[in-house]
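So you can see what is in the structure, the chains are spelled out below.
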Amino acid sequence: MSGHREIEGAAMTDLPNVGRARARANIALAKYWGKSDVSCNLPAVPSISLTLDPLLTETRVELLASLKRDELMLNGEPALGGELLRATDLLDRVRREAGSSLYARIDTQNHFPTASGLASSASGFCALAAAARKAAGLPFDARKTSALARRSSASAARSVFGGFAELPAGVPGDDALSAEPLAPESHWNVRIVVAVTAEGRKAVGSTDGMTHTKVTSPYYDAWVSASPALADHVRAGILERDLARVGPAMEQSTLAMHACALAADPGLLYFQPATLAAFATVRELRQTGRAQVYATMDAGPHVKALCLAEHVSTVSAALAATPGVLRTLIASPGAGVELL
Ligand code: DP6
């Protein structure tokens, strides 16, 4: 039986020991980079995000007495190694809380536009956390789901909430830390235009990249101390729906994070020539008054431009015409995690 048919079959019924959930990716407007506690996976800085449509993951978890270990199907293919370990680790926490000893069959599907330039780990761990808790008979609790997802990947904690969400910096040992909702998806009609600048996986993933930065970058402490004030501007600007306040703080958060990573030893260089060209396009659109738009990027070469919905065609066309940009993708504010 294909994994996909299993997902569709379960939609018809509310089976015991089965949980299904849908979650969306998010983009950080104030960036998380660096941990205050590696063993609890707690962020060293506050981060603020926007949950995005149409970047979806759907996950089904079934706990079965017949299984000898957890099994993970990722987009119809069996997953082993690190991916399975991270899923098992999450399941172990759920089993402990629920008092269950049953292993899980996990079936997860990413419904991302092909090579969208956005990572699926946030939506993936958020959907897995919600589906696993449901399968184990635990009642839905947004903060517990967020804390569980955060333990696997901190950015996943924010995808529990629709629209704008904040994950505070963690005090070492506080394993209950969860994201908080800031404003729902209906709050502000903004768009993210993703300028995809390269194919394939990034060279150094976020988890390794931020650890390497913390250990070797002379700018790490400066990044950690500058971040709360940048998050304050991003938060206040979101609540006031003021792009002229959110945008500059968002750009500074991105560039400060990358400056800190560039100064690591050896330096982490996520930029491609097209990344800089796309940044230049965003600034030119702004300086010539054609669109109020600001840029951010994650641990990869793609540029994500934040603008009002009314400027989205201008921004998308200008980025698509930028040398080295392969394609653009438009995302809108999306809903939080849903049990299916
Ligand atoms: C640059 O959440 O992927 O996207 O907690 O180690 O899994 P782990 O890291 P992850 O880091 C995301 C980093 C970022 C910025 C952000 O999303 O805030």
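Just above sits the structure.
Presented here is an overview of the structure given in this document. Bear in mind that the values here come from a model prediction, so they are computed numbers and not experimental data.

## Here we look at the side chain of Glu251
Thought 1: With respect to the helices and strands, the residue Glu251 is situated in helix 7 (residues 243-262).
Thought 2: In terms of polar contacts, Glu251 uses its side chain to reach the side chain of Arg283, at 3.0 Å.
Thought 3: At a separation of 2.9 Å, a polar atom in the side chain of Glu251 contacts the main-chain amide nitrogen of Ala295.
Thought 4: Non-local contacts of Glu251, meaning those with residues more than four positions away in its chain, are made with Val282, Arg283, Arg286, Tyr294 and Ala295.

## Digging into the nonpolar core
Thought 1: Trp33 and Val315 are the most contacted members of the largest nonpolar core, which totals 69 residues.
Thought 2: Each of domain 1 (5-185) and domain 2 (190-333) gives at least three residues to this core.
Thought 3: Setting aside anything within four residues of it in sequence, one finds Trp33 in contact with Val45, Ser206, Gly209, Met210, Thr213, Tyr220, Trp223, Met257, Ala261, Leu268, Tyr270 and Ala299.
Thought 4: Core analysis: the second largest hydrophobic core is formed by 30 residues, Leu52, Val194, Leu329 and Ala331 among them.

## So, the site of the ligand
Thought 1: Every one of the 17 residues lining the ligand counts as a neighbour, but Tyr32, Lys35, Ser153, Ser155 and Thr207 are closest to it.
Thought 2: Here Ser153 contributes a side-chain N or O atom positioned 2.7 Å from an oxygen atom of the ligand.
Thought 3: Within the complex, 94% of the 460 Å² of free accessible area of the ligand lies under protein.
Thought 4: If you tally residues by element for the shell around the ligand, the top one is helix 5 (residues 206-216), at three residues.
Thought 5: Residues that form the shell around the ligand fall into these classes: seven nonpolar, six polar and four charged.

## Here we look at the state of the cysteines
Thought 1: Counted by the stated rule, this structure contains zero disulfides.
Thought 2: Take Cys126: it sits in no disulfide, and the sulfur closest to it among the cysteines is that of Cys40, at 20 Å.
Thought 3: Judged by relative accessible area, Cys126 falls into the buried class, the value being 0%.

## Considerations on the packing of helix 3 (residues 121-135) against helix 4 (residues 142-152)
Thought 1: Between helix 3 and helix 4, the least distance of the axes is 8 Å, while the angle of their chain directions is 130°. It follows that helix 3 is oblique to helix 4 by the angle criterion. In terms of crossing hand, the pair formed by helix 3 and helix 4 is right-handed. Contacts from Phe125, Cys126, Ala129, Ala130 and Arg133 of helix 3 reach helix 4 at Lys144, Thr145, Leu148, Ala149 and Ser152.
Thought 2: A class-by-class count of the residues in the contact of helix 3 with helix 4 yields six nonpolar, two polar and two charged.

Cut-offs applied
Residues numbered from 1 in each chain as written. Predicted model: local features only at pLDDT ≥ 70, side-chain atom pairs only at ≥ 80, totals over all residues. Heavy atoms only, no water. Helix = DSSP H or I, 4+ residues; strand = E, 2+ residues; numbered from the N terminus. Polar contact = N/O pair within 3.5 Å; in protein donor to acceptor, adjacent residues only side chain to side chain. Contact = heavy atoms within 4.5 Å. Core = buried A, V, L, I, M, F, W, Y, C linked by side-chain atoms within 4.5 Å. Buried < 20%, exposed > 50% of the residue type's maximum accessible area, 1.4 Å probe, protein only. Domains from an automatic or database assignment. Near = heavy atom within 4 Å. Areas by Shrake-Rupley, 256 points an atom, 1.4 Å probe, with all protein chains shown as cover. Nonpolar A, V, L, I, M, F, W, Y, C, P; charged D, E, K, R; others polar. Disulfide = S-S within 2.5 Å. Axes fitted to C-alpha atoms, helices over the stretch in contact; angles between N-to-C directions. Parallel < 35°, antiparallel > 145°, perpendicular 65-115°, else oblique. Left-handed = near helix turned anticlockwise from the far one by under 90°.

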